[in-house]
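One letter stands for each residue in the lines below.
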Amino acid sequence: MTWIYVGLAVVGVLVLGCILAIVVMRKRSSGSALHYDSSVVLQPCFEVPSGRMEEFRSGFSHFYNHIHPKAERMLYYGFSVDEANDLVFCREAYQDADGVLKHLQN
């Protein structure tokens with residue numbers, strides 16, 4: 001089955017000093033049937049004060065130790081670092097909004 005992009009909603013919010021982008025995608029097959037993709041992608045962006053990147057990185061294990069992939073219906077979770085601009089991105093996705101809510105409760 002071939003998936004074709006139909007629509008996209010992006011919400012940008014400032015939460016606890018980081019920019020949070022929430023992406024919800026809807027897809028359809030190349031056939032006549034329309035299918036809904038309920039997955040939700042979160043991409044928080046943390047602006048790290050200059051000279052404190054190593055300190056921030058040392059906290060990654062805290063984040064990883066406090067996720068519950070099965071209970072939160074998590075698809076993926078990880079970090080990427082842009083040292084040149086002192087930014088850290090957390091890339092995370094969940095099967096649906098209920099999974100995101102469970103994650104945020106933790």
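Residues numbered from 1 in each chain as written. Predicted model: local features only at pLDDT ≥ 70, side-chain atom pairs only at ≥ 80, totals over all residues. Heavy atoms only, no water.

### Comments concerning the pairing of strand 4 (residues 40-47)
Counting buried positions along strand 4 yields six of eight residues, so the element is predominantly enclosed. Two strands pair when backbone bridges link them, and strand 4 and strand 6 (residues 87-94) are joined in this way by six bridges, in the antiparallel orientation. The residue of strand 6 that forms the bridge with Val 41 is Ala 93. (Buried < 20%, exposed > 50% of the residue type's maximum accessible area, 1.4 Å probe, protein only. Helix = DSSP H or I, 4+ residues; strand = E, 2+ residues; numbered from the N terminus. Pairing = 2+ DSSP bridges.)

### Some details on the nonpolar core
Membership of the largest hydrophobic core comes to 14 residues, with the highest contact counts inside it found for Tyr 77, Phe 79, Val 88 and Tyr 94. Among the secondary structure elements, those contributing two or more residues to this core are strand 4, strand 5 (74-82) and strand 6. Beyond its immediate sequence surroundings of up to four residues, Val 88 is in contact with Pro 44, Cys 45, Phe 46, Val 48, Met 53, Phe 56, Phe 60, Phe 79, Ser 80 and Val 81. (Core = buried A, V, L, I, M, F, W, Y, C linked by side-chain atoms within 4.5 Å. Contact = heavy atoms within 4.5 Å.)

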